[in-house]
Amino acid sequence: MMLVGLASLWGAGNADATPYATDWVNGHNSRARLLVGGAPGADGAIQRYVALELSMQPGWKTYWRQPGSAGGIPPQLSWQGSVNLKQAHLKYPAPIRMVDSTGAAIGYKQSVVFPIAIEVGQPSQPVVVNLKAFFGVCREICIPAQAAFKVTLKPGNFMQTPPELVKALARVPVAATGGGNRGPHLKSVRKGAAGAGRNALIFDVQFPAGKDGADLFAETGDLLPLAMSKVVGTPAPDTIRYQVIVTDAAQWRDLDKKGMVLTLVSRAAASEVRAQRP
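Novice: When you look at the sheet that holds strand β3 (residues 46–56) in this model, what are you seeing that I'm missing?
Specialist: Working definition: the strands of a sheet are paired by backbone hydrogen bonds and lie parallel or antiparallel to each other. What the five strands build is an open sheet, ordered β1-β2-β3-β9-β6; its pairing is antiparallel. Two strands lie at the open edges of the sheet, namely β1 (25–27) and β6 (85–90), each paired on one side alone. Each strand of the sheet is rotated relative to its neighbour by a mean of 30°, with strand direction disregarded. Relative to strand β9 (residues 111–120), β3 runs antiparallel, the two sharing eight bridges. When the sheet's bridge partners are listed, Ser55 is paired in β9 with Ser111.

If you want it as structure tokens, here you go:
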């Protein structure tokens with residue numbers, strides 16, 4: 001079943017919409033809406049955001065950019081027909097691992113807000129955002145869904161920050177730098193053996209803010225999926241050792257050129273780090 005909706009932030013008849021959100025678009029065991037706001041960027045200037053919020057019934061989930069070994073549909077966005085929109089960058093809040101009889105999925109249960117940083121061509125002029133979002137919702141079977149929004153936004157619409165967007169941005173992994181950063185960070189990576197001639201990557205990850213909800217998700221340097229990680233030890237009270245098996249010899253060689261992207265998560269904080277293959 002498909003989700004289809006068209007909403008505008010402008011128009012006095014839209015009594016259910018807040019100043020920063022469209023109406024909800026209802027679908028199969030889920031609903032979607034678009035949030036709008038601004039937040040200080042790294043340079044202190046206001047970064048403009050739209051954000052796709054998905055809400056699902058209990059027991060339902062949706063997916064991160066890598067859906068996991070069980071498969072699934074990650075978000076796919078189309079901006080065709082937008083006006084004065086130069087770029088849009090989708091940010092992913094820290095996901096969780098969800099395991100059932102079909103395997104392990106990576107994503108979000110019940111609700112998620114995906115912040116989307118946008119850049120406009122003429123900052124003093126309105127921007128027309130024409131967004132078509134395609135995604136999957138799943139219980140036992142993944143169901144493709146989509147939501148469509150067309151909103152006309154003036155510069156003043158980005159002068160407030162919806163609380164849902166604040167929370168979502170706080171869960172977007174930041175660069176792991178060590179030192180005073182309380183987010184998880186990579187202590188070491190080495191080559192291991194996994195039997196049958198297979199190579200393995202061994203990661204030691206430190207979680208200074210606590211190991212509750214700790215996990216590691218590994219990708220190639222160009223964001224192609226690697227196998228799901230497995231906990232193989234705890235070399236220190238705040239440190240977890242993970243193993244990722246690389247069964248494909250060609251991919252192992254390719255990692256030497258591309259490196260890896262590691263998403264390190266816990267309930268307290270989340271980090272993203274690029275690492276070289278040992």
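Structure's up, so let's keep going.
Novice: So what exactly am I meant to see when it comes to the pairing of strand β18 (residues 260–265) here?
Specialist: Regular strands show a simple pattern: their side chains alternate between the two faces of the sheet. Counting buried positions over the six residues of β18 gives six, a clear majority of the element. Because side chains alternate across β18, one face comprises the buried residues Met260, Leu262 and Leu264, and the other comprises Val261, Thr263 and Val265, equally buried. Here strand β15 (residues 215–220) pairs with β18 via six bridges, running antiparallel. Residue pairing across strands places Leu216 opposite Leu264, the latter belonging to β18. Taken together, the six bridges between β18 and strand β19 (residues 270–275) define a ladder with antiparallel strand orientation.

Novice: Can you help me understand the sheet that holds β19 in this one?
Specialist: Strand order across the open sheet formed by four strands is β12-β19-β18-β15, with mixed pairing between neighbours. This sheet does not close on itself; its edge strands, each paired only once, are β12 (174–175) and β15.

Novice: Explain the environment of Lys61 here, please?
Specialist: Within the secondary structure layout, Lys61 lies in strand β4 (residues 61–63). For Lys61, a relative accessible area of 9% gives the class buried. The spatial distance from the C-alpha of Lys61 to the C-alpha of Glu140 is 9.8 Å, given a sequence separation of 79 residues. Not counting chain neighbours up to four residues away, the residues in contact with Lys61 comprise Met56, Met98, Asp100, Ala105, Tyr108, Lys109, Gly136, Val137, Cys138 and Arg139. Polar contacts involving the side chain of Lys61 include one to the main-chain carbonyl oxygen of Arg139, which spans 3.4 Å.

Novice: Could you clarify how one ought to interpret the pattern of salt bridges in this entry?
Specialist: Pairs can form between side chains of opposite charge once their charged atoms are near each other. Inspection of every chain in the model, using the stated rule, returns eleven salt bridges. Of the charged contacts, one joins Glu164 and Arg33 as a salt bridge, the two residues approaching to 3.1 Å between their closest N and O atoms. Here the residue Glu164 occupies a position in helix α1 (residues 163–170), and Arg33 occupies one in strand β2 (residues 30–40), the gap between them amounting to 131 residues. Using a relative accessible area of 23% as the deciding quantity, one classes Glu164 as partly exposed.

Novice: Help me understand the state of the cysteines in this model?
Specialist: What we call a disulfide is simply a covalent bond connecting the sulfur atoms of a pair of cysteines. Tallied over the entire structure, the rule returns zero disulfides. Left unpaired, Cys138 is separated from the closest cysteine sulfur, that of Cys142, by 5.3 Å. Residue Cys138 is classed as buried on the basis of its relative accessible area of 6%.

Rules behind the numbers
Residues numbered from 1 in each chain as written. Predicted model: local features only at pLDDT ≥ 70, side-chain atom pairs only at ≥ 80, totals over all residues. Heavy atoms only, no water. Pairing = 2+ DSSP bridges. Helix = DSSP H or I, 4+ residues; strand = E, 2+ residues; numbered from the N terminus. Axes fitted to C-alpha atoms, helices over the stretch in contact; angles between N-to-C directions. Buried < 20%, exposed > 50% of the residue type's maximum accessible area, 1.4 Å probe, protein only. Contact = heavy atoms within 4.5 Å. Polar contact = N/O pair within 3.5 Å; in protein donor to acceptor, adjacent residues only side chain to side chain. Salt bridge = Lys/Arg side-chain N within 4 Å of Asp/Glu carboxyl O. Disulfide = S-S within 2.5 Å.

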